[in-house]
Amino acid sequence: AETTLVARAEAEGYARAAGADLAAAAGLPEAAELLTAASAYAADNRWVAACLACARGRLTGSVADLSEAVVQWTRIEARFERACTTILLPDRIDEGRAELRALGCPPAR
């Protein structure tokens, strides 16, 4: 039973972080609120922390937050997420596209 609770809590953290990032990417008005709610999961999960750094960057346009997300994705070897975030940095678009191609996921643009 405890394992199930832990798995559920971890999944909830992933889902909340991904939802906040999606809301920020879509420019939804509740994005900031979702980001704040998901922040509680960041301390215990490095993927969630990186995803939320990316969401903050998307929401505010902060190059510093997006760059921090790239660093965090790199640390956990999340190559796809790193590439997708790198594309959001104006001076690193080509780098992100090259990484996506290397992963077999050519970017749409």
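Shown above is the structure to which this text applies.
None of the values given here were measured: they were computed from a predicted structure. (Residues numbered from 1 in each chain as written. Predicted model: local features only at pLDDT ≥ 70, side-chain atom pairs only at ≥ 80, totals over all residues. Heavy atoms only, no water.)

K.L.:
Hey, could you run me through unusual backbone geometry in this one?
P.N.:
Among all residues save glycine, negative phi is the norm, and among peptide bonds the norm is trans. We note that Glu77 has phi near 60°; this positive angle belongs to a residue other than glycine. For Glu77, the location among the structural elements is in the loop between helix 4 (63–75) and helix 5 (79–86). The exposure class of Glu77 is exposed, given its relative accessible area of 69%. (Helix = DSSP H or I, 4+ residues; strand = E, 2+ residues; numbered from the N terminus. Buried < 20%, exposed > 50% of the residue type's maximum accessible area, 1.4 Å probe, protein only.)

K.L.:
Mind showing me how you'd approach the pattern of salt bridges here?
P.N.:
Where side chains of opposite charge bring their charged atoms close, a pairing between them can arise. In total, this model carries six salt bridges according to the counting rule given. Where Arg16 meets Glu12, a salt bridge forms, and the shortest distance between an N and an O atom there is 2.9 Å. Here Arg16 pairs with Glu12, and both are found in helix 1 (residues 2–26), just four residues apart, close to one helical turn. Sharing partners across several salt bridges, the network here consists of Arg82, Arg92 and Glu95. (Salt bridge = Lys/Arg side-chain N within 4 Å of Asp/Glu carboxyl O.)

K.L.:
Could you clarify how one ought to interpret the environment of Ala40 in this entry?
P.N.:
Along the chain, Ala40 falls in the loop between helix 2 (31–38) and helix 3 (46–60). Of the residues examined, Ala40 reaches a relative accessible area of 62% and is grouped as exposed. Spatially, the C-alpha atoms of Ala40 and Ala17 are 9.9 Å apart, while their sequence positions differ by 23 residues.

K.L.:
How should I be thinking about the nonpolar core in this particular structure?
P.N.:
One recurring pattern in soluble globular proteins: nonpolar side chains tend to sit buried together. Core analysis: the largest hydrophobic core is formed by 20 residues, its most contacted members being Ala17, Leu35, Leu52, Ala69 and Trp73. Of all the elements in the fold, those that place two or more residues in this core are helix 1, helix 2, helix 3 and helix 4. Here the element with the most residues in this core is helix 3; it accounts for seven residues. Discounting chain neighbours no more than four positions away, the residues touching Leu52 are Ala17, Ala20, Leu35, Ala38, Ser39 and Ala42. (Core = buried A, V, L, I, M, F, W, Y, C linked by side-chain atoms within 4.5 Å. Contact = heavy atoms within 4.5 Å.)

Keep in mind these values describe shape, not function.
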